[in-house]
Structure formats: C-alpha cells, structure tokens
Protein chains: 4
Amino acid sequence: MAVRVAVAGASGYAGGEVLRLLLAHPEVEIGALTGNSNAGQTLGTLQPHLLPLADRVLAETTADSLAGHDVVFLALPHGQSAAVAEQLGPDVLVIDMGADFRLKNAADWETFYGSPHAGTWPYGLPELPGARAALEGSKRIAVPGCYPTAVTLALFPAYAARLARPEAVIVAASGTSGAGKAPKPHLLGSEVMGSMTPYGVGGGHRHTPEMIQNLSGVAGERVAVSFTPTLAPMPRGILATCSAPAAEGVTAESLRAAYAKAYADEPFVRLLPEGQWPATASVYGSNAVQVQVAYDPAVHRVIAISAIDNLTKGTAGGAVQSMNIALGLDETCGLTTIGVAP
Amino acid sequence: MAVRVAVAGASGYAGGEVLRLLLAHPEVEIGALTGNSNAGQTLGTLQPHLLPLADRVLAETTADSLAGHDVVFLALPHGQSAAVAEQLGPDVLVIDMGADFRLKNAADWETFYGSPHAGTWPYGLPELPGARAALEGSKRIAVPGCYPTAVTLALFPAYAARLARPEAVIVAASGTSGAGKAPKPHLLGSEVMGSMTPYGVGGGHRHTPEMIQNLSGVAGERVAVSFTPTLAPMPRGILATCSAPAAEGVTAESLRAAYAKAYADEPFVRLLPEGQWPATASVYGSNAVQVQVAYDPAVHRVIAISAIDNLTKGTAGGAVQSMNIALGLDETCGLTTIGVAP
Amino acid sequence: MAVRVAVAGASGYAGGEVLRLLLAHPEVEIGALTGNSNAGQTLGTLQPHLLPLADRVLAETTADSLAGHDVVFLALPHGQSAAVAEQLGPDVLVIDMGADFRLKNAADWETFYGSPHAGTWPYGLPELPGARAALEGSKRIAVPGCYPTAVTLALFPAYAARLARPEAVIVAASGTSGAGKAPKPHLLGSEVMGSMTPYGVGGGHRHTPEMIQNLSGVAGERVAVSFTPTLAPMPRGILATCSAPAAEGVTAESLRAAYAKAYADEPFVRLLPEGQWPATASVYGSNAVQVQVAYDPAVHRVIAISAIDNLTKGTAGGAVQSMNIALGLDETCGLTTIGVAP
Amino acid sequence: MAVRVAVAGASGYAGGEVLRLLLAHPEVEIGALTGNSNAGQTLGTLQPHLLPLADRVLAETTADSLAGHDVVFLALPHGQSAAVAEQLGPDVLVIDMGADFRLKNAADWETFYGSPHAGTWPYGLPELPGARAALEGSKRIAVPGCYPTAVTLALFPAYAARLARPEAVIVAASGTSGAGKAPKPHLLGSEVMGSMTPYGVGGGHRHTPEMIQNLSGVAGERVAVSFTPTLAPMPRGILATCSAPAAEGVTAESLRAAYAKAYADEPFVRLLPEGQWPATASVYGSNAVQVQVAYDPAVHRVIAISAIDNLTKGTAGGAVQSMNIALGLDETCGLTTIGVAP
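Residues numbered from 1 in each chain as written. Chains lettered and ligands numbered in written order. Predicted model: local features only at pLDDT ≥ 70, side-chain atom pairs only at ≥ 80, totals over all residues. Heavy atoms only, no water.

Glancing now at helix α11 (residues 312-327) of chain A. All names here are of chain A. An ideal rise of 1.5 Å per residue puts 22 Å on 16 residues; α11 reaches only 19 Å between its terminal C-alpha atoms. Along its length, α11 reaches its greatest deviation from straightness, about 45°, at G318. Looking one or two places after α11, you find G328, whose phi comes out positive at around 80°. (Helix = DSSP H or I, 4+ residues; strand = E, 2+ residues; numbered from the N terminus. Expected span 1.5 Å × (residues − 1). Bend = angle between axes of the 7 residues up to and from the residue.)

Okay, structure coming up:
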C-alpha cells in the first residue's frame, strides 16, 4: 500500500523539489499540498514544471489539511516547523527541511536564529557515521542545510581518519535557488547573471554551527570552521572548497585511502578518479555527490572539494533518502545519481 | 527479458542524453557504447553526469561492436548513419538521431546537405497525424530534428484544422547544446553568455525543409516557411515563436478548441491554460512540450508558441518515445513530463 | 561652462545607466539625483558600479530638488512624467525616458496605458527620417522604447525604400534589465537563468503602437505589426528578428543598397558585412546598433535583424544622443560604439 | 603628439581588451595589430565589438610589423614574449601581458612553466608598495596575472601592517574569459553555464608563485599560499576570497584602519563601507577593484575579499595603467572606475 505524503510549503523551491522527486517515487502517493499566501492557486501556476500536478490546488497549511498522511514534509520558513509538527501526532513521520531541529546546542540556535530552540531531531545525513541508525524507524527527521551537506561530505572522512587538524577553512559557491523564491532586489536575474559575490562573511552564516557540530562529532574534538558562502550565477548547485592543515604524516595516498574507505559503500557519493574534479553541472537534478581530495605538500594542507545539487542532495533529495531509511524502504528508492547535463 | 540497446556516438550530447534516459528505462539493458575519436576512454571522463556508467569504456563504432543488440541508437554526424545501418541487419531496430532519413524529397536533401539522399524512414514524431501507425513494429526510425519538433507541435493543429494560411513565419531560440560538443570559438562560454545571435538566416537552415514537409503534410497544401534560428545563452531548450495569417473566420475560441482537440490524449504535450506561456525552464530535462496559441485580431494572425528541451523531446526523448512504440511498450515508459526547475 | 544635469529616478536601471554615460560625458556636470522610496540612501548602496558617485545621497523627487539644472532626465514609472515636467519650466531641457510622450495618437495611449494622454514630444530616435530636425533646440524629448528602437532601426530602411509590404512580423528577445529593478518572482535569477519565455503575446505589448507609428510614418501607409517579445537569460541586450513580405522586384542587392544608403552617415549604426549577423554581446554597454538584412527568395520575404543594448541605445544612450542634438553638441559626445566583450 | 601603440596578439581576449581601452585613451594612436593564425583577417570578424577598428586587417607578428611604435603590447602565449621583445629595441616601451617576466625566481619559473626563465621586468601592479617607482620611465613592464592582481590587492595591506600570519588560504572564482579564446570542450557554453568547478587544485596553478612573491615581499617573510581557482559561469570577473590567521591583537578596527590607509589615495581601489561586499558585476568592464575585509573572532582569522574584472584591471587595464605611469601620463588616463551594470 502506498505511503501517503503531504507537503507543507509546496509553492517554494524546497517544496517544489520534494514534489519533483516524490512524483518519481514508486512507493509514494502524493496527498495534500499546502501553502500560505498561495493557498487557492493551482500548482500549474506556481510550479509549472510539475505537469502531473498542474491542476492540484494548494490548501492552507493547517492541522486539518495535513491530517491523514503517513509522511509530512515541512518546507516552511525557519521557526514555523515546531508548531505544525506538534499538531501532527507521534505516528506521523515528520521531515523538516527547515533549520529548526538541526542543532543540538540550544545556545548556538539562539545566537544564530534569535528565538527559543525547538529541539533536536535525528539528523538526515545518512552518510555521516551513526546517522543511519538514528534514522531507522524514526518519526522525526531534521534535514541538513545545503551547505553543511556539501561541506560535511567533503571533509568528514579526513577528520574521521584523523588526517586533518581542527581548523577548517571553507569557501562555497551556491546557485541562487538556495536563497529561496521570495523576490528580493539582489536576487533578480539582472543582478545575479555575470556576478559572484560573498555574503555572511566572518562567521555570520547560520549554517556554520551545523558544520562545526558535524565535523566535531566525527573528529572527537571541536573543529573550528571559517566559512564564506558566495552566490554564483547559476540556478542550482553548490561547490564547496574546503581545506585544513594536514595532520602529521599525511600523504596523498593515506588521504585517498581514507576517502575511498569512507565512501566505498555509499550509493550517492562518488570519489572521483585522481585528476578529475567535481562540477556542479554533473550532479544537476540528481542526489549524487562528487568528491575529490588532494594533499598540497607545499602548504601541508588537505584540500577536499564536493559538488552537490543544493535542492536535491542538499535539501529534498536528502529528505527523501532519509524518509526511505526511516520507512524501511530501499535507501535509493525514487532517487537517481544521474545528472541532467549539459 | 530486457531489451538490449547499443548507442553509437555515446560521447556527444545526443548520445549522452539517450543514455541518461535509457538508464531510467525499466525495460532496457545498456549494451555497447561506441565512439570514434574517443574510443578507449571511460564514460566517466566524457559524460561525468552519468555516474552509473562511469567505468564503461567506449568501443569503436564498428559492425562488430554494435552486433547482438535489439536496438541501436545512432548519434552520428550527418551522412554517416546509412553505412552503419546497412551492417546491422533488418531485425535490429535502428533509430537514427541524425538527419539522414528524415526527408522524403531527395532533391531537398541534396540541396541542403550536398550529398546523395540515403532514403526515408518512418518519422519519429508520434504526435503528428499518422506517425504512430508507421512507427508500430518498424525496424527503422528517423528521429526528427529539434527545431522541427518544436515548430511542428506548435503549428500543426492550426493547419490540421485549416485555421491558418500556408505562410508560416518562425523565429526560434535554442540553447547551445543544439550546436553539439565539437569545440568552436563562437560556442565558447565567454562568447555565448550574455549574447543572443541569429544564424542560418534567410532560409539556409537545414531544418527548414523538414518543417515544410511536416506542416504541408497536415495542411494538404504546400506551407511556405520563413525560419530564423537564434542561439540563446542557455545550455538546453527551444522556444519556437510561430505565426501565420489566420484563415477566414478564425476566432480565439476556434483556435483553442482545435489545439485542445489535437492534444487531448497526448501524454507529453500540454496546452497551457489561457494566459500562461511556455517557458523552456519548465521542460528542462523532460520529454514534455508546452504549447500555447493566440489569435491577434489586430493583424489577423495565429500565434503559436512551444517550448521543449532540445536534447530530450527534441532528440533523445523523442527517440525513446518512438522506440517504445516500435517495440510495443507503453509509449511513456522511461520518460517523464516533469522538468528540473528552477 | 558645463551643462548641469539632474536625474529623477536615479536608483533604477534607466537612471543608473544614464548616470553611467553622463559620468563619461565631457560637457556635463551631474547635479541632483532623486528617488522616491530610496531617498536618503547613498548611490554606493543602490548603484555600486558607479564608484565616482558612491557617496552621493538621493534627494526626493520634487520641483525644488530638480530646480536649477539645464537638463533633467526623467526615469520614472509610466504616467508620472507629465506632472514633474510641468513644474520644470519651459527653458529646462526635459528628457523623458518613460513612455508618456512617445505616442501621437491619444486613443492608442489610452488603449494601452489606460490613462489620459499627456501629449507628444519630439521623438528621440535621431536616425529616423525627420527626427533630428525636430530635436535640434527642443526643450522636450520623448526617448523611444527599447523594442521600438531596435525594431525601427531594423526595418525602416526597407519601408523608406518601399521594399517591404506593410505586414511586419517581429520576434524580439530582451535581457531582463528591460523589465526593471522592482523585484518580481518571475524575474528572479533562479527563474530566468536557463529559460526563454514570451510575454505580451498577441498584440498586447505597449511598445506595439510605437512601432506602428514609426514604421507607418516612413512607409507612407499603415504598417501592421505582429510583435512577440521574449525574455532571454541575459542582463542586457535586444535581438530583434523582423520580417515582412518583400515588395515586387526586390533583390538581395536592392535591399542591401537601401540599407547601405540609409546608414551611410550614421555614427551609431553599423550595417554588418554580408554573412555576419548581429549579436547582443557585440554592443554590450555601447550605443552601437548592429544591423543585417537578407532576402529569402523561397518565401519572398525581407528579413532584417538588429542588436542593441536595451539600456544604452535602447534607453539612456538614445537619451544622451538626443540631448547632444538638442543642445547643439556633437551628437556622439560622451557615447561609444565599442562594446564590452566577451 | 600621440603615443603610437601596437598590439601583438590582437585577436585574443587580452588583445581585444587592450584595444577596447586604447580606443578610449586620449593620448594614444593605434598602430599595427598583429596575429598569427588570424593574420589577414579583419578585426570586424575577430572582435566584432570594436566597431571603430572593424576594417583593420591583422598583420603577422614580426619585427617589421611591430617596428616604428612607441609602445608595444604583447598578448602572446606564454614563452613567446622574450623573442619578440628582443627585436624591439631598448627605446620601445614593451608591455608583456603574458607571464614570461613576472617571476623573480628562475627556479619557480622552471618548475611551473617547464622552460628556461626569460628574466624579470618591473611589475605592473602600481598599488603594490614600491611598484610605482620601478615603473616610472621603465621601457619594460610585466603585467601581473589576473588572480595575483585580485589576491595581492585583497591581502597585502594586512601583511604590510603585520596583521596576518604567513599562511594564506585563497579560493577564487574566475569568469571563463580567463581561460582564453582557444576552443576547448570544457569551455563550451553548454558545459560552463550552470556549473562551478575547480582546477589546478593542490598548488598546481601557475599563478601561485606570483602570489607568494608579492605577499612575501610585503610581509618581510615567506608567505605560504594555498590557492584553489574555480571556473564560474560568467564571461568576466574574479572574486577572490582570501583568509589567513590573524596576528596577535588584531581587531576589526585595526584591520579596517590598515586597509583604509593602504588605499586612501589609490584611484582604482575602493574599500567598501562596512557591511557591503564586493561583487564582480560592479566592476564589469572597469579598472576598479572592490575590497572588503573582516575579522572573524570565532576563528581568529582575517578574511579579505576582492572583486576585479579579470580582463580589465586583471590584464589590459592594469597594463594601460602601468603604461601611463611609465610614460609620465596621468595614471588614470583612458581608464574608468565605472562598471557596466546590471
């Protein structure tokens, strides 16, 4: 019998992407689709690429409209998930694609989001050591942020193998869909095309504590993270360029072996052959992660680079992957490692 | 038992796209992959987005390497398909994604391609009246050109219903993948981004006789076609803006009714609701076609616009759709109407 | 003594572009800069590319702030120019970059803009026969729309020489800056990149009556215009693909001769050599116009194509060129025909 | 009397850009234009954006064709400049936009370029302490690489003021024109649009030793540089995100003061107001540099970011600025700080 799924926040980019994936998922039946300001409109107007759902009308996001589903995906603005989740009952699998339940440390939440911490749910990054076990059978899942997904998958094998010192320096470029669908002047096509620009420089980005949490958990010590995000002139994709001082005795071979081991059985992560580098175009629309790692002897640093699709593996694909694990389905069900290129 | 498929020309854009689709096709097993200058290289190097095939090595395009398959897709330069097809035997389904077997009129072929005409195969545009019957059980299929696909689907319902006069004026914008993967200076990213430019102006484009053939066949009289293609700063997509003088008595309602009727049962074509216009982004990576039609009373013209993905519905998706029909599979098998957006 | 210039609406795209050009104009001194919602902000925040003006603060758009200048450029929303112009006095040169004073026919204005017609000012397209004489010494100038600039310059020589019949079919692609700086969802970078889409199809675009006015004036008979604008994934540029049935006896040679004659002495228009086609990239940031024309014997049509930068020659460059004429300066003063490419 | 200038390598991107700037330079007369494979072609075909030079024909790059000029710009492939320069005589100002004469250390040159070191010329980055004096009256100038320009201007004030430790980590994004005009598959528009990808990872990029040379010279100790370049989907622009461990006692205020002092009198460098970040779009086509600096207390690092146009300030604009100094002209002559945006 099909798993019945609702999506709250179906008019935005995360909501649209999870619907795109669920439409291709063989075990799922799409139920209620809700929105707030867009309630009453057809999905054909709001998400014209989702042809099979074109005639569906958005309901309001209420407990009633979301009732009666096995799974509810929340694609809501930060801070709104807890109130909705409470009304859904403990037997419903609630998957929050927002930030509300990612952080373990309440003080970090309050510093970066300025509101009371709602709690911590099992973390939907199955590749992270220990994460799968926590997801199996869980009824609550916090989907990672897009940048933390890219950065954690680039760096954690080095920390897990104790090959890097705990001072990571990260510069990541993201496509504009990461900034959402609410129209703001600096996100206009006229402004974005032809331009690269940083933001949240100097530690201000809300995804920084999540990266620290992930990497520190693996490293067994606190990893300091210098994170600079940049906005790139493309709709989708994250390229994360990460480096850290190498631990004593690291060699190119030991690094590569650590990554090969970490990702040997991962269905979505590909450690590229030596000499080939990740490209966001190669993972466009897919749940795949391309990873490459190098040792720079001149500066004795580990350099690890990953490419993901911020909306797929970075948001909705990671969410579906985690749903599959929680429900006991094949982890890859409904997901692909094939990008749309060129 | 799975249908065994080979792809000749697997390193180019059409070859890569047909592989992308075949990987998602439940009835197909991918066999030989061949190339010429790239023989011996891995697909992981040549098509890094096709992760599941990353370790496959390209063979040379020979009768031997292509032998033993149920279906062979040819993604070869114009003029090379006939020689390969001859060696494949009459029981193999050969699907030519090149131009060689599209035109019925040998003189047209010789004028536009400058070589002897190889023949005419059943035409792989199932939506065109009469085409499906010719495809069923066929062992040879000529896949339409990308522009003729977009233009024919935009205009044929008007001609079929005798609502337009036989003088079509067409301006189409194509993404750069339509120009192929061979590196040429004017196709460099530096040249293409930020630029729109026409080419083949004044009747010179090789797709013009194919449009005339399709539209004339439906109209029952020769349709003159003024066709201007333009290169747009995007990797994929065709937007075809087509118009023609309206026949006597045409109204907005009669036009819309003709299109609604033509596309009522078509799984891949969506006549958009009034007021909504096709966008290439909405069909990115999908086999869907968005169509809209209007009547402009001030100039008494029919204006019909379509958007397709030039590599999917315009090439490899149309090829797979036709393969499905030829093999007696569900026509939509392995294909989607869901675009990757934003 | 320098000409003292004010710009009303300095925070938008047209206002920013006219400032970019005026900063390079040797005879001009930039005076008041005004805005409405942005009054009080620095130009460094609003137009960060205009470094020399970074510390200037926007005043409110009032008669007082605009007083005391020789020239006032109005870059205001449609319908607001008349009220401001009235307060500026008859000795000030007022150059309206909005639509308010372009149309001669009040009924056309009311049909397309839904408000009372404000009047008609000398038309700032110097290349149009008769336009220069009306601009010399004028104290009021209506700057043409961006599409009418591109289309008129592509087609008028054919009509002036009676080589085309009065039924023009035009499809134009515009960069997104033509849609302005007010943030709207469909103009987001995420939506725009990778997408071509039409709008205002079927005669609805407000620039259509202006094209009819220009071409009819030259043709000596009413020219019917079918105009379809499309939005292209680039910040700037218009490519206008225009065609019309050829008059009796037209040849490629007679067409080319007519265009060569029309543009022999024009400093900003370049009729390209045969075989070369206009590209928006070539005129990026410049006041140049690239034009090419062809005769298609198979359909007996004239095909004329132009490329401009919609913000430069299509708006602010045309405005400065007209200002130069009105003030008796060298027409090319402060303007360039050199594009920024690649 | 005008300075007579020749450009060797006028068909490429650096050659085209220096011509774009020289056309706007009031003291210069453009003489010979030379190429190799393109000799005999018109510039209108090769550089269609340079309308005033459209009818000029490229000569071959020989001593004869370059004779009789006051200044010769070399825009040649690496390794070819020395042979040409030798033939030009000691009284001609030779400005090499290639890499041949940038490095002081012959071993570095040989390691990264694999050929004998040609020598070292005065370095054309006037903002670098000591550089202006060496340029005044010089007859030989080595124009810096585009990445070293961006990186040096982002970081040197921190090193000059002893506010950063000598372990710089740099990730830079470049537009595709930095890769030149020779057509290669990975530079096709189809590949580039929508994609971010790194290259030369792990210390392999040839610009690394030049950065080390510049920063070490200012720091008074050897600065280790970890440099990762990435290719961004835009034609022009470099965004350099640079960081280094802060020296003891650094504060946000001391950092800002050091940058404010370093750039107080620089005509082309703008230290942005606090809270505003560099964007490549803002310097498009201009010789301006946008710089911003921050101190991240959580990781005790200095983060400095710059944006330049790689072809203008990063190549041809830096070359013209240095030419002005060498000739005793106003340093800003013919150059602008006004970008073409949006």
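Attention now moves to the pattern of salt bridges. Pairs may arise between side chains of opposite charge once their charged atoms sit close together. The final tally for this structure, using the stated rule, is 40 salt bridges over all chains. In this structure, the salt-bridge partner of E29 of chain D is R4 of chain D, at a minimum N-O distance of 2.5 Å. Taken as a pair, E29 of chain D in strand β2 (residues 28-35) and R4 of chain D in strand β1 (residues 3-8) lie far apart in primary sequence, 25 residues in all. In this structure, the salt-bridge partner of E210 of chain D is R102 of chain D, at a minimum N-O distance of 3.7 Å. Of this pair, E210 of chain D sits in helix α9 (residues 208-219) while R102 of chain D sits in the loop between β5 (93-96) and α5 (106-113), and the two are 108 residues apart along the sequence. Three or more residues joined by partner-sharing salt bridges are found here, namely E17, R20, R236 and D309 of chain A. (Salt bridge = Lys/Arg side-chain N within 4 Å of Asp/Glu carboxyl O.)

Bringing the UniProt feature "domain: Semialdehyde dehydrogenase NAD-binding" (unreviewed entry) in chain A into the picture now. Those residues carrying the UniProt feature "domain: Semialdehyde dehydrogenase NAD-binding" (unreviewed entry) are residues 4-136 of chain A in this numbering. The distance separating the terminal C-alpha atoms of residues 4-136 of chain A is 18 Å; by composition the span is 29% helix and 17% strand. (UniProt positions renumbered as here; feature names shortened; annotations may be inferred.)

So, about the relation of the copies chain B and chain D. For the pair chain B and chain D, the best superposition has an RMSD of 0.0 Å and corresponds to a rotation of 180° with a translation of 0.0 Å parallel to the axis. Expressed as an axis order, the relation between the two copies is that of a two-fold axis. By C-alpha distance to the rotation axis, the residue of chain B lying nearest is G189 of chain B, at 1.7 Å. (Least-squares fit on C-alpha atoms with pLDDT ≥ 70 in both.)

Residue and element names in this part refer to chain A. Spatially, the 6 strands line up as an open sheet ordered β3-β2-β1-β4-β5-β6, and their pairing is parallel. The open sheet is flanked by β3 (59-60) and β6 (140-142), the only strands paired with a single partner. Pairing between strand β4 (residues 71-74) and strand β5 (residues 93-96): 4 bridges, direction parallel. Bridge pairing in β5 places V71 opposite L93. (Pairing = 2+ DSSP bridges.)

Residue and element names in this part refer to chain A. Overall, the coordinates contain 18 aromatic pairs over all chains when judged by the stated rule. Ring centres 5.0 Å apart and planes at 70° place the aromatic pair Y147 and F227 in the edge-to-face group. One end of the pair, Y147, is in helix α7 (residues 146-160); the other, F227, is in strand β9 (residues 224-231), with 80 residues separating them in the sequence. In this structure, Y147 and F227 share a single accessibility class: buried. Measuring from ring centre to ring centre gives 5.8 Å for F156 and Y263, while their planes differ by 85°; the resulting arrangement is edge-to-face. Here the residue F156 occupies a position in helix α7, and Y263 occupies one in the loop between α10 (252-262) and β11 (269-271), the gap between them amounting to 107 residues. Accessibility expressed as a relative area gives 4% for F156, which makes it buried. Over the ring of Y284 we find R236; its NZ or CZ atom is 5.9 Å from the centre of that ring. (Phe/Tyr/Trp six-rings, centres within 6.5 Å; stacked < 30°, edge-to-face > 60°. Buried < 20%, exposed > 50% of the residue type's maximum accessible area, 1.4 Å probe, protein only. Lys NZ or Arg CZ within 6 Å of the ring centre and 35° of its normal.)

Time to look at the UniProt feature "active site" (unreviewed entry) in chain A. Residues and elements named next belong to chain A. Feature annotation in UniProt places "active site" (unreviewed entry) on C146, given in this structure's numbering. Here C146 shows up in helix α7. The class of C146 is buried, set by a relative accessible area of 12%. Excluding residues within four positions of it along the chain, C146 makes contact with H207, I238, I308, N310, G314 and T315. (Contact = heavy atoms within 4.5 Å.)

All names here are of chain C. Examined against the element boundaries, H69 turns out to sit in the loop between α3 (63-66) and β4 (71-74). With relative accessibility at 8%, the residue H69 sits in the buried group. For H69, the residues in contact, after removing those within four places along its chain, are R4, V5, A6, G31, A32 and V92. At 3.0 Å, the side chain of H69 and the backbone oxygen of A67 are in polar contact. (Polar contact = N/O pair within 3.5 Å; in protein donor to acceptor, adjacent residues only side chain to side chain.)

Hydrogen bonds between backbone atoms are what pair the strands of a sheet, whose relative direction is either parallel or antiparallel. All names here are of chain B. Taken together, 7 strands build an open sheet; the order of strands is β8-β9-β7-β10-β13-β12-β11 and the sheet is mixed. Only two strands of the sheet have a single partner each, and these edge strands are β8 (197-198) and β11 (269-271). Where β11 lies against strand β12 (residues 289-296), 3 bridges are found, and the strand directions are parallel. Directly across from R270, in β12, lies its bridge partner Q290. Where helix α10 (residues 252-262) meets the sheet, it contacts β11, β12 and β13 (301-308), and its direction lies at approximately 160° from that of β12. (Axes fitted to C-alpha atoms, helices over the stretch in contact; angles between N-to-C directions.)

In this section: the packing of helix α1 (residues 13-23) of chain C against helix α11 (residues 312-327) of chain C. Residue and element names in this part refer to chain C. Direction vectors running N to C along α1 and α11 enclose 50°, while the axes themselves pass 9 Å from each other. By the angle class used here, α1 and α11 are oblique. Between α1 and α11 lies a crossing whose hand is right-handed. Two secondary-structure elements touch here, α1 through A14, E17, V18, R20, L21 and L22 and α11 through T312, T315, A316, G317, V320 and M323. Along the lines of polarity and charge, the residues of the contact of α1 with α11 split into 7 nonpolar, 3 polar and 2 charged. (Parallel < 35°, antiparallel > 145°, perpendicular 65-115°, else oblique. Left-handed = near helix turned anticlockwise from the far one by under 90°. Nonpolar A, V, L, I, M, F, W, Y, C, P; charged D, E, K, R; others polar.)

As a further point, take the pairing of strand β7 (residues 167-174) of chain C. Residue and element names in this part refer to chain C. Within β7, 7 of the 8 residues are buried, which leaves the element mostly enclosed by the surrounding structure. Both β7 and strand β9 (residues 224-231) contribute to a ladder of 8 bridges, which runs parallel. Following the sheet pairing, S174 is matched in β9 by L231. Direction of pairing for β7 relative to strand β10 (residues 238-245): antiparallel, over a ladder of 6 bridges. By the bridge assignment, S174 is partnered in β10 with I238.

Opposite the 19 residues of chain B that make contact, chain D presents 19 residues. Roughly 1,400 Å² is buried in total at the junction of chain B and chain D, and carbon and sulfur atoms are behind 66% of that figure. Area buried by chain B at its contact with chain D is led by L188, S190 and M193 of chain B, which between them contribute 41% of it. Our enumeration of links across chain B and chain D arrives at 0 salt bridges. At the boundary of chain B and chain D, one finds 8 residue pairs in polar contact (both at pLDDT 80 or more). Sort the elements by how many residues they give to the side of chain B that touches chain D and helix α8 (residues 189-192) of chain B lands first, with 4 residues. (Buried area = accessible area lost by both parts, 1.4 Å probe.)

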